[in-house]
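Now for the letters of each chain:
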Amino acid sequence: MTTVAATATLRAVVVPRRTAPVPFRRLVGVELRKMFDTRSSFWLLASIGIVALAAVPMVIAFQPTGDITYAMFVNTIGYPWSLMIPMVGLLSVTGEWSQRGGLTTFAFVPRRGRVIGAKAACAAGVVLAAMALCFALSAAGNVAAAAVAGIDPVWDVSAAEHLFLTLFQAIGMAAAFTLAVVLRSSPAALVGYFVFALVVPTLSSMLAGAQEWYGDVAPWVDLTHGQLSLFAGTMTGEQWAQLGTTAVLWLVVPLVLGMRRLLRVEIR
Amino acid sequence: MITITSLTKRYGRLAAVDDVSFTASPGRVTGFLGPNGAGKSTTLRILAGLATATSGSATVLGHRYADLPNPGLEIGVLLDASAQHGGRTGRETLVLAQRTMGLPAARVDESLELVGLTRAESRRRVRDYSLGMRQRLGIATALLGDPRVLVLDEPANGLDPAGIRWMRDLLRGFADDGGTVLLSSHLLAEVEMIADDIVMIGSGRVVAQGPTTDLLAGARTLVRADDVVALGAALAGAGHHVTPSGDAVLTDAGPGTAGRLAFGAGLAVTELRTADGAGLEDMFLELTAATAREAVGSAPIPTGASA
Ligand SMILES: Nc1ncnc2c1ncn2[C@@H]1O[C@H](COP(=O)(O)OP(=O)(O)OP(=O)(O)O)[C@@H](O)[C@H]1O
Ligand SMILES: [Mg+2]
């Protein structure tokens, strides 16, 4: 072997190849695939589908035929989904720790912020896709029910309300994602999310009923309060301000602190 | 090429890794040894950017791991074969790695074949894998990007005898092609057979390092005789160091000298050979026991030529 060739070989061995960084789009593709390629994600997806498909005949069966409207379908699908869809994003983050896949994930992509960013992009995509599906299924159910009843279908959800409902779901996803980043454990974050979605709204309204001072501040400190006003379909300027304040308090601040910790924490 | 420089990692008051420096060179297999809790895994975790050092540095091919743009193409890492999502199939685990690195899809089948996992096995969930199968899957993941550096934490763990032989050949071939291999292991005979260089740590500190042949230059001879006491006396009488080992003795005399001394004492030797394996094992136990007794201080540390 000539000296030049030998030097070239040695260099090939002791310096990195000229590789391009892993592009963010590729990471998003991989993370999206990871959301749906495990056995638990299969069952989660299956139950999300079953809930939606069960909702349509349930509305048709239990509502008086003449009363059926589009909004009934949207709510009957959307409410259970608001508990289920965020679990997709939540498990995508906590799984790296609870299932210890992070040891491989973060060895391939040491810049952890990019991995979490890709997961967040997927979570946002999942919310948008889910809502599009929810509206499509509802529309189909509404048309079918009206045809059966021999009436004109009633479309009682405005364009703005479609956006509100999507934002409602997005806030649920953001809360679940934040809990996942902060807790990094599937059982802890799941419990946390159900407390947020089921216990907090009830407790908050009970407390607001019992204590007048809390009734006044609740909209400014309780994120679920603002979330529910989105569900109600009307938003005043003050309500937007309240929603923004609580989102900073319960989503932005914990997410920033949680990410700072996540970027440093030892993966084992 | 892996360079660890004055690496220290503290967990509260415990120094899990304490001022460790060594190099793993291209074309060589470097064995990383030490008792349980010595700090091997911690060192390798820092090297792979999964933990941060308290001080010091660890570099791969001259760069911090986290600064490598696509690390899987430079360095294959297997730190814990059990750390895989149990709900994915083995094949899916590899597909994710292949996509992350931007490799052609055919690499997945190639590396499955390389580690001896069948197609049927690769379609089963990792949760249902045996330890050895997980180990093979982990090695397949590490080799997927065709890296020039391999870092393996106890890769022989759980492998069957054929698997251990296969692993030895694989690592040998990898190093002979100019690759760098750093592996930790508790199988000393295995390490002695494959490692060109050895780094031994105890309680977070390097207690010995250098080429395997240099470190074991003082490898002893094992002599067995019917009257082992008389044999020991004969060797000791000639000024040699003698350690009883069951119904035999280990001595620092060469096999020729030991045989002649036994013959001179009228003893029938029933076994006479260099104590391979035992040499590394004795050295290991001696050196690591010393660090346990003297947490601080400078015990005589045999240090071979640094690679
Ligand atoms: N996250 C942690 N927090 C506290 N102590 C830790 C942590 N990780 C490791 N240690 C301690 O650091 C020391 C070194 O552990 P390490 O896992 O590196 O040992 P090892 O050499 O790999 O041992 P083994 O041969 O058993 O795998 C041990 O005392 C361990 O208890
Ligand atoms: Mg270990």
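Residues numbered from 1 in each chain as written. Chains lettered and ligands numbered in written order. Predicted model: local features only at pLDDT ≥ 70, side-chain atom pairs only at ≥ 80, totals over all residues. Heavy atoms only, no water.

## With respect to the domain arrangement of chain B
In step 1: Along its sequence, chain B is organised into domain 1 (2-210) and domain 2 (221-274).
In step 2: Its C-alpha centre places domain 1 of chain B at a distance of 41 Å from the equivalent point of domain 2 of chain B. (Domains from an automatic or database assignment.)

## Examining the site of ligand 1
In step 1: As a matter of local geometry, ligand 1 sits amid 15 residues, with B:Gly37, B:Lys40, B:Ser41, B:Thr42 and B:His186 nearest to it.
In step 2: Near ligand 1, the surrounding residues belong to chains A and B.
In step 3: A distance of 2.8 Å is found between an oxygen atom of ligand 1 and a backbone nitrogen or oxygen belonging to B:Gly37.
In step 4: Surface burial for ligand 1 is 67%, taken as the share of its 640 Å² of free accessible area covered by protein chains.
In step 5: Elements that contribute at least two residues to the shell around ligand 1 include exactly β2 (14-24) and α1 (40-47) of chain B.
In step 6: It is α1(B) that provides the largest number of residues to the shell around ligand 1, a total of four residues.
In step 7: Class assignment for the residues of the shell around ligand 1 results in five nonpolar, six polar and four charged. (Near = heavy atom within 4 Å. Polar contact = N/O pair within 3.5 Å; in protein donor to acceptor, adjacent residues only side chain to side chain. Areas by Shrake-Rupley, 256 points an atom, 1.4 Å probe, with all protein chains shown as cover. Helix = DSSP H or I, 4+ residues; strand = E, 2+ residues; numbered from the N terminus. Nonpolar A, V, L, I, M, F, W, Y, C, P; charged D, E, K, R; others polar.)

## Looking at the sheet that holds strand β3 (residues 29-33) of chain B
Strands in a sheet are paired, the pairing made by backbone hydrogen bonds, and the direction either parallel or antiparallel.
Residues and elements named next belong to chain B.
In step 1: Reading across the sheet, the six strands line up as β6-β7-β8-β3-β9-β10 and stay open at both edges, with mixed pairing between neighbours. With one partner strand each, in any of the chains shown, β6 (75-78) and β10 (205-211) form the two edges of the open sheet. Along the sheet, successive strands turn relative to each other by an average axial angle of 10°, direction set aside.
In step 2: Note: β3 against strand β8 (residues 180-184), four bridges, orientation parallel. Considered in β8, the bridge of Val29 is made with Val181.
In step 3: Packed onto the sheet, helix α5 (residues 131-143) meets β6 and β7 (149-153) and runs at close to 160° relative to β6.
In step 4: Packing of helix α6 (residues 161-176) onto the sheet brings it into contact with β3, β7 and β8, and relative to β8 it is tilted by some 145°. (Pairing = 2+ DSSP bridges. Axes fitted to C-alpha atoms, helices over the stretch in contact; angles between N-to-C directions. Contact = heavy atoms within 4.5 Å.)

## A look at α6(B)
Residues and elements named next belong to chain B.
In step 1: Look at α6: 22 Å from first C-alpha to last across 16 residues, which is about the 22 Å you get at 1.5 Å a residue.
In step 2: Here α6 has its buried residues at Gly163, Ile164, Trp166, Met167, Leu170, Leu171, Phe174 and Ala175. Angular distribution of buried residues about the axis of α6 spans 160°; they occupy a single face of the element. Every exposed residue of α6 that faces more than 90 degrees away from the buried side is listed here: Pro161, Ala162, Arg165 and Asp176.
In step 3: The first or second residue beyond α6 is Gly178, which carries a positive phi of 100°. (Expected span 1.5 Å × (residues − 1). Buried < 20%, exposed > 50% of the residue type's maximum accessible area, 1.4 Å probe, protein only. Arc of directions from axis to C-beta.)

## Here's the deal with the interface of chain A and chain B
In step 1: Counting residues at the interface gives 34 residues for chain A and 44 residues for chain B.
In step 2: Interface area for chain A against chain B, summed over the two sides, is near 3500 Å², with a carbon-plus-sulfur share of 55%.
In step 3: Linking chain A with chain B are four salt bridges, by the criterion used here.
In step 4: Put simply, A:Arg100 and B:Asp80 hold a salt bridge, and the shortest N to O gap is 2.8 Å.
In step 5: Among the elements of the structure, α1 (3-14), α2 (24-36) and α5 (102-108) of chain A are those that each provide at least two residues to the side of chain A that touches chain B.
In step 6: Of the residues belonging to the side of chain A that touches chain B, the class tally is 18 nonpolar, five polar and eleven charged. (Buried area = accessible area lost by both parts, 1.4 Å probe. Salt bridge = Lys/Arg side-chain N within 4 Å of Asp/Glu carboxyl O.)

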